[in-house]
Amino acid sequence: ARFAVAALGDGALALRRWAPDGATLLLVANLGGAARVALDATAASRPPDGGRWTPVLSTDEARFGGDGAPPAWDAEGGVLAFPGPCAVVLRATGT
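Residues numbered from 1 in each chain as written. Predicted model: local features only at pLDDT ≥ 70, side-chain atom pairs only at ≥ 80, totals over all residues. Heavy atoms only, no water.

Quick notes on the overall build of the chain
Just so we agree on the cut-off: Helix and strand assignments follow DSSP, with helices taken as H or I runs no shorter than four residues and strands as E runs no shorter than two, numbered in order from the N terminus. Here's how the labels work: a residue is buried when its accessible area is under 20% of the maximum for its type, exposed when over 50%, partly exposed in between, all with a 1.4 Å probe on protein chains only. Surface accessibility in these figures is a Shrake-Rupley result with a 1.4 Å probe; residues are shielded only by whichever protein chains are displayed.
From N to C terminus, the chain includes zero helices and eight strands. The secondary structure elements of the chain, listed N-terminal to C-terminal, are β-β-β-β-β-β-β-β. With the principal axes as the frame, the chain shows a C-alpha extent of 35 × 30 × 25 Å. Within the chain, buried positions represent 36% of all 95 residues. Accessible surface, the chain as shown: approximately 5,300 Å² in total, 56% of it carbon and sulfur.

So, a nonpolar patch on the surface
The criterion, for reference: To count toward a patch, a residue needs a relative accessible area above 30% and no salt bridge. Like charges then connect within 9 Å, nonpolar side chains (Val, Leu, Ile, Met, Phe, Trp, Tyr) within 5 Å. The salt bridge criterion pairs a side-chain nitrogen of Lys or Arg with a carboxyl oxygen of Asp or Glu, the two atoms within 4 Å.
Taken together, Val 5, Leu 13 and Leu 31 make up a surface patch of nonpolar side chains, about 290 Å² in accessible area. With respect to the element layout, Val 5 can be found in strand β1 (residues 2–7). Judged by relative accessible area, Val 5 falls into the exposed class, the value being 60%.

Comments concerning the packing of aromatic side chains
Convention followed: Stacked, tilted and edge-to-face are the three classes applied to pairs of Phe, Tyr and Trp rings, where Trp contributes its six-membered ring and a pair requires centres within 6.5 Å; stacked means planes under 30 degrees apart, edge-to-face means over 60, and tilted covers the rest. Definition used: whenever NZ (Lys) or CZ (Arg) falls within 6 Å of the ring centre and also within 35 degrees of the ring normal, the charge is taken to sit over that ring.
Scanning all chains against the criterion turns up zero aromatic pairs. The side chain of Arg 2 reaches across the aromatic face of Trp 18, ending 4.1 Å from its centre.

Structural notes on the sheet that holds strand β3 (residues 24–30)
One key point about sheets: their strands pair by backbone hydrogen bonds, in either a parallel or an antiparallel sense. Our working rule: Here, strands pair whenever DSSP counts at least two bridges between them. Note on definitions: angles span 0 to 180 degrees between N-to-C directions of axes, and those axes are lines fitted to C-alpha atoms, for helices only across the stretch in contact.
Pairing in this open sheet of five strands is antiparallel, and the strands run β1-β2-β3-β8-β5 from one edge to the other. The sheet is open, and its two borders are formed by β1 and β5 (52–58), each paired with just one other strand. When strand polarity is set aside, the average angle formed by the axes of neighbouring strands in this sheet is 20 degrees. Bridging between β3 and strand β8 (residues 86–93) involves six bridges; their strand directions are antiparallel. What sits directly across from Leu 25, in β8, is Arg 91.

A word on the side chain of Arg 16
This is how the line gets drawn: Positive charges come from Lys and Arg alone, negative charges from Asp and Glu alone, with His and the N- and C-terminal ends not counted. Any pair of nitrogen or oxygen atoms within 3.5 Å is treated as a polar contact; in protein, a donor-acceptor pairing is required on top of that, and neighbouring residues in sequence qualify only through side-chain atoms on both sides.
Looking at where Arg 16 falls in the secondary structure, it is placed in strand β2 (residues 12–18). Despite its burial, Arg 16 pairs with no opposite charge; the closest candidate is Asp 49, at 8.0 Å N-O. There is a polar contact of 3.3 Å between the side chain of Arg 16 and the backbone oxygen of Ala 44. Within the structure, Arg 16 has its side chain in polar contact with the backbone oxygen of Arg 46 (distance 2.4 Å).

Topic: the side chain of Ser 58
As a reminder, the rule being used: Contacts: residue pairs with any heavy atoms within 4.5 Å of one another.
Among the structural elements, Ser 58 can be located in strand β5. The class for Ser 58 is buried, based on a relative accessible area of 2%. A distance of 3.1 Å separates the side chain of Ser 58 from the backbone nitrogen of Asp 60, its partner in a polar contact. If sequence neighbours within four positions are ignored, Ser 58 has contacts with Phe 64, Pro 70, Pro 71, Cys 86, Ala 87 and Val 88.

Shown next as C-alpha coordinates:
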(Lines give C-alpha, C1' and ligand atoms only; values in the text may rest on other atoms or scores of the structure.)
Protein backbone atom coordinates (compact mmCIF):
# COMPACT_ATOMS: atom_id res chain seq x y z
CA ALA A 1 0.00 0.00 0.00
CA ARG A 2 1.02 3.60 -0.62
CA PHE A 3 0.23 6.58 1.64
CA ALA A 4 0.15 10.37 1.42
CA VAL A 5 -0.48 12.87 4.22
CA ALA A 6 -1.49 16.53 3.94
CA ALA A 7 -2.46 19.33 6.31
CA LEU A 8 -5.97 20.67 5.69
CA GLY A 9 -5.81 23.93 7.61
CA ASP A 10 -4.62 24.55 11.14
CA GLY A 11 -6.33 21.65 12.87
CA ALA A 12 -7.12 19.00 10.26
CA LEU A 13 -5.19 16.44 8.24
CA ALA A 14 -5.79 13.91 5.52
CA LEU A 15 -4.20 10.47 5.24
CA ARG A 16 -4.76 8.76 1.90
CA ARG A 17 -4.16 5.05 1.31
CA TRP A 18 -3.89 3.39 -2.09
CA ALA A 19 -4.21 -0.40 -1.77
CA PRO A 20 -2.61 -2.87 -4.19
CA ASP A 21 -6.10 -4.01 -5.26
CA GLY A 22 -6.91 -0.45 -6.40
CA ALA A 23 -9.07 0.60 -3.43
CA THR A 24 -8.45 4.14 -2.21
CA LEU A 25 -9.39 5.31 1.29
CA LEU A 26 -9.12 8.76 2.84
CA LEU A 27 -9.01 9.47 6.57
CA VAL A 28 -9.79 13.08 7.45
CA ALA A 29 -9.19 14.01 11.09
CA ASN A 30 -10.22 17.33 12.60
CA LEU A 31 -8.28 17.82 15.82
CA GLY A 32 -9.65 21.26 16.70
CA GLY A 33 -13.00 23.01 17.02
CA ALA A 34 -15.62 23.57 14.36
CA ALA A 35 -14.08 23.56 10.88
CA ARG A 36 -14.96 23.39 7.20
CA VAL A 37 -12.46 21.28 5.25
CA ALA A 38 -12.25 21.44 1.45
CA LEU A 39 -10.98 18.13 0.13
CA ASP A 40 -10.04 19.65 -3.25
CA ALA A 41 -7.40 21.77 -1.45
CA THR A 42 -4.57 19.21 -1.81
CA ALA A 43 -3.61 16.43 -4.20
CA ALA A 44 -3.61 13.98 -1.27
CA SER A 45 -7.27 14.67 -0.48
CA ARG A 46 -8.79 15.10 -3.97
CA PRO A 47 -10.89 12.22 -5.27
CA PRO A 48 -9.41 10.10 -8.06
CA ASP A 49 -10.04 11.23 -11.64
CA GLY A 50 -13.60 10.34 -12.58
CA GLY A 51 -14.45 9.36 -9.01
CA ARG A 52 -15.89 10.78 -5.84
CA TRP A 53 -15.59 10.23 -2.12
CA THR A 54 -18.27 8.23 -0.30
CA PRO A 55 -18.38 8.31 3.54
CA VAL A 56 -17.71 4.95 5.20
CA LEU A 57 -17.67 5.88 8.88
CA SER A 58 -17.34 8.75 11.33
CA THR A 59 -16.08 8.68 14.92
CA ASP A 60 -19.19 10.72 15.81
CA GLU A 61 -21.40 7.70 15.09
CA ALA A 62 -23.16 6.17 18.10
CA ARG A 63 -21.38 2.83 17.54
CA PHE A 64 -18.09 4.60 18.35
CA GLY A 65 -19.47 6.51 21.35
CA GLY A 66 -20.33 9.68 19.44
CA ASP A 67 -23.57 11.63 19.42
CA GLY A 68 -24.72 9.97 16.18
CA ALA A 69 -24.45 13.10 14.04
CA PRO A 70 -21.52 12.79 11.61
CA PRO A 71 -19.99 15.89 10.02
CA ALA A 72 -22.03 17.41 7.21
CA TRP A 73 -20.77 16.17 3.84
CA ASP A 74 -21.23 18.25 0.69
CA ALA A 75 -20.38 15.70 -2.02
CA GLU A 76 -20.76 18.23 -4.86
CA GLY A 77 -18.45 20.80 -3.28
CA GLY A 78 -16.14 18.26 -1.64
CA VAL A 79 -16.45 19.92 1.76
CA LEU A 80 -16.72 18.34 5.21
CA ALA A 81 -18.17 20.54 7.97
CA PHE A 82 -16.97 19.37 11.38
CA PRO A 83 -18.81 20.57 14.50
CA GLY A 84 -15.73 19.72 16.58
CA PRO A 85 -13.01 17.09 16.89
CA CYS A 86 -13.84 14.05 14.78
CA ALA A 87 -12.44 11.70 12.14
CA VAL A 88 -14.11 10.47 8.95
CA VAL A 89 -13.14 7.66 6.58
CA LEU A 90 -14.15 7.98 2.92
CA ARG A 91 -13.84 5.49 0.06
CA ALA A 92 -13.22 6.41 -3.57
CA THR A 93 -16.12 5.26 -5.74
CA GLY A 94 -17.05 5.61 -9.39
CA THR A 95 -13.53 5.16 -10.75
